[in-house]
Amino acid sequence: MKTKKVAAPLAIMAAAALGLSACAPANEAGTSNGNGLSGTLTGKGASSMKAAQDAWRAAFQQQNGGVTVNYSPDGSGAGRESFIAGAVQFAGSDRALKDDEMGAGKFAKCTSDSNALNLPVYISPIAIVYNVQGVDNLKLDADTAAGIFAGKITKWNDPKIAALNAGVNLPNANITAVHRSDDSGTTDNFTDYLHQASPSVWTNANSGTWPAGIKGEAAKGTSGVIDAVKTGTNTIGYADESAARELSVAELKVGSEFLKPSAEAAAKIVDASKQVAGRSEHDLAIKLDRKAAGAYPAVLVSYAIVCEKYKEAADASLVKAYIGYIGSDAGQQAAAKEAGSAPLSSDMSAKVKAAVDSIQ
């Protein structure tokens, strides 16, 4: 199966997004003309949402001529580290900060009594991408996918793969499984899927770094995985679906059906999941239920990680405006058009707005 993206040119997309934001209340989108915003806002983090960030930045900067927004897609781990160190005003991360990473006084740009907030802004399926000659409609279940990436299934014509793909001419060739070399939220979410869906095969806990004992080909960033799969032979890997482009994408078995990665199927898992217990009112970290009925299970939720209170009032103003925009309906629709992500539900969007409004 080939995934095909029909993305509008960025200028058209930005204009459409701005048209939507013009219909929204100014305090929702944070982008009304004449609001006097100026300065530079810098973020770093998840490469999975690079396309969405490009769309958001273009639309926001067009509406706010005095603001420059920079986003460096160096990976979720790099984003979290930079936010903690105070090198950026916000991080993009494909996982929320863990309980032991949270706490007042831990974040350099936040006041000493301020914790961080984890705000979901990007929902997307993780595609299992592959490049196998003669195979364009691969089906996998959780045990088989886990076996491949754990190095326990090493040939493409293995009986476990063949049983799921009747009539497909699978080659007698070695499997090259590609994984991220960097600390990656995509890896964290993908290994969480493998562990939740197939704990007897994938025995490692989820982690942002690939388990040292599991071999395979390592590549840096989403683009690195895509390039390694595309240019390699008999390769398979995982990446945000927005980056899959013309690569073949596997269907995953959920219950009795096989599901393609799609925004609609990804959104179902978020609606079926619960917020992490014990967090503050406006911290919106989610524990994904990867066994939810009818939901595509390999999903990532990317967060904007921000301060509850900033040391600098100018930082707070810029963060509130930009993160407020990307969490709004206008921002979510812009990302859906450019990156194929699933827009936040109206309920979650309202929670993100309330959290942004609370930032000081």
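*Asks:* Pulling in residues and values, what's your account of the pattern of salt bridges?
*Replies:* For the coordinates displayed, the defined rule picks out 14 salt bridges. Across the salt bridge formed by Arg80 and Asp183, the nearest N and O atoms sit 3.5 Å from each other. You can see Arg80 sitting in helix 4 (residues 76–85) and its partner Asp183 sitting in the loop between strand 6 (176–180) and helix 7 (185–197), a full 103 residues away along the chain. Between Arg290 and Asp192 there is a salt bridge, with the nearest N and O atoms lying 2.7 Å from each other. In this pair, Arg290 is assigned in the loop between strand 13 (286–287) and strand 14 (299–307) and Asp192 in helix 7, connecting sequence segments 98 residues apart. Side by side, Arg290 and Asp192 carry an identical accessibility label, which is buried. A single network of salt bridges, built from pairs that share partners, joins Lys50, Asp54 and Arg57.

*Asks:* Please set out the packing of aromatic side chains residue by residue, giving values where relevant.
*Replies:* Under the counting rule described, the total for this entry stands at 12 aromatic pairs. Look at Phe90 and Tyr322: their rings are 5.9 Å apart centre to centre, the planes differ by 45°, and that puts the pair in the tilted class. Residue Phe90 is located in strand 3 (residues 90–93), and its partner Tyr322 is located in helix 10 (residues 313–327); the two are separated by 232 residues in the primary sequence. Residue classification places Phe90 among the buried positions, given a relative accessible area of 1%. Accessibility expressed as a relative area gives 0% for Tyr322, which makes it buried. Measuring from ring centre to ring centre gives 5.9 Å for Trp210 and Tyr238, while their planes differ by 20°; the resulting arrangement is stacked. Placement of the pair is Trp210 in the loop between helix 7 and strand 7 (217–219) and Tyr238 in strand 8 (residues 235–240), with a sequence separation of 28 residues. Look at Trp210 and you get buried, because its relative accessible area is 11%. Following the ring pairs from residue to residue traces out a cluster consisting of Phe149, Phe190, Tyr193, Trp202, Trp210 and Tyr238. Here Lys139 stacks its cationic end above the ring of Phe258, 5.9 Å away from the centre of that ring.

Procedures and definitions
Residues numbered from 1 in each chain as written. Predicted model: local features only at pLDDT ≥ 70, side-chain atom pairs only at ≥ 80, totals over all residues. Heavy atoms only, no water. Salt bridge = Lys/Arg side-chain N within 4 Å of Asp/Glu carboxyl O. Helix = DSSP H or I, 4+ residues; strand = E, 2+ residues; numbered from the N terminus. Buried < 20%, exposed > 50% of the residue type's maximum accessible area, 1.4 Å probe, protein only. Phe/Tyr/Trp six-rings, centres within 6.5 Å; stacked < 30°, edge-to-face > 60°. Lys NZ or Arg CZ within 6 Å of the ring centre and 35° of its normal.

Honestly, that's just the spatial picture; any functional story needs more than this.
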